[in-house]
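Notes for the structure review
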Amino acid sequence: MGLDVGSVTVGVAVSDELLCTAQGLEVIRRKQENKLRQTYARIEELALAYGVELIVVGYPKNMNNTVGERAQKCEAFAEDIKRRTGIETLLWDERLTTVTAHRVLDMAEVGLKKKMAVVDKIAAAVILQSYLDYRANCGKALKE
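In short, a report on the structure. (Residues numbered from 1 in each chain as written. Predicted model: local features only at pLDDT ≥ 70, side-chain atom pairs only at ≥ 80, totals over all residues. Heavy atoms only, no water.)

What about the layout of surface pockets?
Taken as a whole, the largest pocket spans an internal volume of roughly 350 Å³. Lining the largest pocket we find 16 residues, and of these Ser15, Leu19, Gly51, Val52 and Glu53 sit closest to its centre. Elements represented by at least two residues in the lining of the largest pocket include exactly strand S2 (9-15), strand S4 (54-59) and helix H4 (112-143). The element contributing the most residues to the lining of the largest pocket is H4, with four residues. Grouping the constituent residues of the lining of the largest pocket by class yields 10 nonpolar, two polar and four charged. The space that makes up the second largest pocket amounts to roughly 160 Å³. Those elements giving two or more residues to the lining of the second largest pocket turn out to be strand S3 (22-29) and helix H1 (37-49). By residue class, the composition of the lining of the second largest pocket is two nonpolar, two polar and five charged. (1 Å grid on protein atoms, 1.4 Å probe; cavity = no way out; pocket = protein on both sides within 12 Å on 5 of 7 lines; lining within 4 Å. Points joined across faces, edges and corners; volume = space filled by probe spheres on them. Helix = DSSP H or I, 4+ residues; strand = E, 2+ residues; numbered from the N terminus. Nonpolar A, V, L, I, M, F, W, Y, C, P; charged D, E, K, R; others polar.)

Here we look at the pairing of strand S1 (residues 2-5)
Burial of S1 is two-sided: the residues Gly2 and Asp4 facing one way and the residues Leu3 and Val5 facing the other way are all buried. As judged from the four bridges shared by S1 and S2, these two strands associate in the antiparallel manner. Opposite Asp4, over in S2, you have Gly11 as the bridge partner. Connecting the antiparallel pair S1 and S2 is a turn made up of three residues. Here S1 runs beside S4; their pairing, made up of two bridges, is parallel. What sits directly across from Gly2, in S4, is Val56. (Buried < 20%, exposed > 50% of the residue type's maximum accessible area, 1.4 Å probe, protein only. Pairing = 2+ DSSP bridges.)

What is shown is where atoms sit, not what they do.
Below, the structure is given as structure tokens:
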């Protein structure tokens, strides 16, 4: 499972069973940034339904590779999810994933209203796909 954690939304993506492709699943919305109980419950529910063994959490480091406030919040979020679900979490560099998601939606000529509704789940899919590609390529390199 891939997560794009924002201040009031969490984009969710899952992979196929062969761990080849990521698909955007949904966007979890909350009214306030610090109101996370229902968000955690929904992630736990989805993880159980999809048999998730690893949760890849987008890690929004600054462009100069430093860790800012948003990245620190994602660190805490990942720890909370791991503690709540018992599923291993992994922080994954997500720099420019939202930009990529916007470009994908622009190429598909998705309107602004629809784009704003789905961009977070597309960003989650980009994060998860990046991890899956890395995993597949590193696995090949290790076998050679």
